[in-house]
Amino acid sequence: LTTTLAVGSADTYLQIAISFEATGTYYIDNAALSMGNAPATYSPLTPADALARCQRYYEILVQGNNGIFITAFPTGSSQYLSIYIPFKVEKGGVPTITKTGTWAKTNCDEPAQIATTVRGTSFGPVSLASGYAAWSADSSDDSLVAEWNP
């Protein structure tokens, strides 16, 4: 469906409405508003491209107890037990890393962000003593999120 409307140069407000007069199921997607006397060529993004654009701004790195469990054997206290988590998509700038929940830990403090770039983040706790140490996201409220706001 394509429609054209001439708008006067003094007009400062334009409202577009679509009215469905009969009961039914309707779908409206991939709408575009073009200035000029010819419609612009438009092709919607593929789902993969749309996801990549979203992940440029926001990405869930860890959610709940689904897959991050780290063990180490530090030789003393105050040693970083970090991992590097690469982003699926390079961010537009250095994102903010947000950790929620109280993660499970043995012989280490609470994991935290150590260093972050547009490509990934180093994240982990510091050891409390030598010997076995472990940390993990172990409950549904544990998460790690990267968010970039231009």
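Scroll up to find the structure.
So, a few notes on the structure that sits alongside this text. (Residues numbered from 1 in each chain as written. Predicted model: local features only at pLDDT ≥ 70, side-chain atom pairs only at ≥ 80, totals over all residues. Heavy atoms only, no water.)

Moving on: the pattern of salt bridges. Tallying each qualifying case throughout the model produces four salt bridges. Lys99 serves as the salt-bridge partner of Glu110, at 3.0 Å between the closest nitrogen and oxygen. Taken together, the residues Glu110 in the loop between strand S5 (104-106) and strand S6 (112-116) and Lys99 in strand S4 (residues 96-100) connect sequence positions 11 residues apart. Under the relative-accessibility criterion, Glu110 is labelled partly exposed at 26%. With relative accessibility at 26%, the residue Lys99 sits in the partly exposed group. The salt bridge involving Glu110 is made with Lys105; its shortest N-O contact spans 2.7 Å. (Salt bridge = Lys/Arg side-chain N within 4 Å of Asp/Glu carboxyl O. Helix = DSSP H or I, 4+ residues; strand = E, 2+ residues; numbered from the N terminus. Buried < 20%, exposed > 50% of the residue type's maximum accessible area, 1.4 Å probe, protein only.)

Let us now look at the pairing of strand S9 (residues 143-147). Here S9 lies mainly inside the structure; four of its five residues are buried. The sheet contact formed by strand S1 (residues 58-63) and S9 spans five bridges and is antiparallel. Each residue of the ladder has a partner; that of Val62, found in S9, is Leu144. Direction of pairing for S4 relative to S9: antiparallel, over a ladder of five bridges. By the bridge assignment, Thr98 is partnered in S9 with Val145. (Pairing = 2+ DSSP bridges.)

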